[in-house]
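What the coordinates show
As a plain string of letters, each chain reads:
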Amino acid sequence: MKKGTIRLAVASAIPAAVAGMLLSGCFTLAQSDYPAVELTSAQPAGRRIAISGFEATYTTYTPVYGYSTVWGATPGYYRHGRYHGGYLYPQTMSTTTYVPETGITPAYAEKAQDAFESAGFVLGQTNAQYIVDVKFSGPIITDGNRMAEAATVLLSLLTADYTCETWTARLKITEVATGKVLLLKNYAQEYYATVWGPIPIFSPFSAEAAESSYAKSWSLSALTERAVADATAFLATCP
């Protein structure tokens, strides 16, 4: 093969490769930075704590299959100058209904437990010195967020999507012996993402980064780490 032929083949392959990459999925153009936190070691080592809260709901959809009867109709027709109407007949069709089921995930409580234990705290329910409680709430989606999402979708001709929502958490540390609340702190965690894809509707709306479930998981994970980091720093100073 001549050199000119090789160059031509390579040049022809580049647009095809680029097109394949563009059609392969969606691209994240902008996304929130994940917060950086640092744990404080237990002082003294082996300090006993109990955790509560850190609960988040999740929803799954279970398919339920069944059958239903619908009525079909044959078309009418003309014959010998006279119109003959169609007739109705029953048809049995399969149906699928998705039933939502809501539960509570222990994922964030387990994440908090692992972080506390890695910092030298001992978790126990019967002889704990302090109780660390975290409660989540949200999402908070403002009218401005909704307008920005609509503008992104319309101005991009349905090739881009934007999401922005805020989740909150409340950290409370209680001394078991006295029942006194030693620390009460509130957090807000915003998540945003802008995605783009070459195929209108399909590409951006199938992107994980712009899904509400992803935003929730990202935000609650970040809130868990922020709350645990502050809790370890505070408990390290307690007598």
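**Focus on unusual backbone geometry**
Among all residues except glycine, the phi angle is most often negative; among peptide bonds, the trans geometry is most common. The linkage connecting Gly138 with the following residue, Pro139, adopts the cis geometry, with an omega of 5 degrees. Mapped onto the elements, Pro139 comes out in strand β8 (residues 130–140). A positive phi angle, near 70 degrees, is found at Leu158, a position not held by glycine. Looking at the element boundaries, Leu158 is found in the loop between α3 (143–155) and β9 (160–175). Positive phi values are uncommon outside glycine, yet Ile201 reaches one of about 70 degrees. Mapping Ile201 onto the fold places it in the loop between β10 (181–196) and α4 (202–205). Judged by relative accessible area, which is 45%, Ile201 ranks as partly exposed.

**Points about α3**
Here α3 is 13 residues long and its end C-alpha atoms lie 18 Å apart, about the 18 Å a rise of 1.5 Å per residue gives. Looking one or two residues past α3, Leu157 carries a phi angle of roughly 60 degrees, positive in sign.

**So, the packing of aromatic side chains**
Per the counting criterion, the structure on display carries 7 aromatic pairs. Relative to Phe136, the ring of Tyr108 has its centre 5.9 Å away and its plane inclined at 75 degrees; by these criteria the two rings are edge-to-face. Here Tyr108 is found in helix α2 (residues 107–118), whereas its partner Phe136 is found in strand β8, with 28 residues between them in sequence. For Tyr108, a relative accessible area of 10% puts it in the buried group. For Phe136, a relative accessible area of 15% gives the class buried. The structure contains a cluster of three or more aromatic residues connected by ring pairs, namely Tyr34, Tyr191, Tyr214 and Trp218.

**Topic: the packing of α2 against helix α5 (residues 212–235)**
Viewed as axis vectors pointing N to C, α2 and α5 meet at an angle of 30 degrees, and their least axial separation amounts to 10 Å. By the angle between their directions, the pair α2 and α5 is classed as roughly parallel. When you trace α2 past α5, the crossing you get is right-handed. Contacts between α2 and α5 involve Tyr108, Lys111, Ala112, Ala115 and Phe116 from the former and Lys216, Ser217, Leu220, Ser221, Thr224, Glu225, Val228, Ala231 and Thr232 from the latter. In terms of residue class, the contact of α2 with α5 is built from 7 nonpolar, 4 polar and 3 charged.

**Quick word on the confidence of the model for the chain**
Within the chain, residue pLDDT values average 84, and 82% of them lie at 70 or more. Counting contacts from residues 5–14, a segment whose pLDDT is below 50, to residues more than four positions away or on other chains yields 1 contact. Low confidence marks residues 16–24, where pLDDT is under 50. Its contacts with residues over four positions away, or in another chain, come to 6 contacts.

Parameters and conventions
Residues numbered from 1 in each chain as written. Predicted model: local features only at pLDDT ≥ 70, side-chain atom pairs only at ≥ 80, totals over all residues. Heavy atoms only, no water. Helix = DSSP H or I, 4+ residues; strand = E, 2+ residues; numbered from the N terminus. Buried < 20%, exposed > 50% of the residue type's maximum accessible area, 1.4 Å probe, protein only. Expected span 1.5 Å × (residues − 1). Phe/Tyr/Trp six-rings, centres within 6.5 Å; stacked < 30°, edge-to-face > 60°. Axes fitted to C-alpha atoms, helices over the stretch in contact; angles between N-to-C directions. Parallel < 35°, antiparallel > 145°, perpendicular 65-115°, else oblique. Left-handed = near helix turned anticlockwise from the far one by under 90°. Contact = heavy atoms within 4.5 Å. Nonpolar A, V, L, I, M, F, W, Y, C, P; charged D, E, K, R; others polar. pLDDT = per-residue confidence, 0-100.

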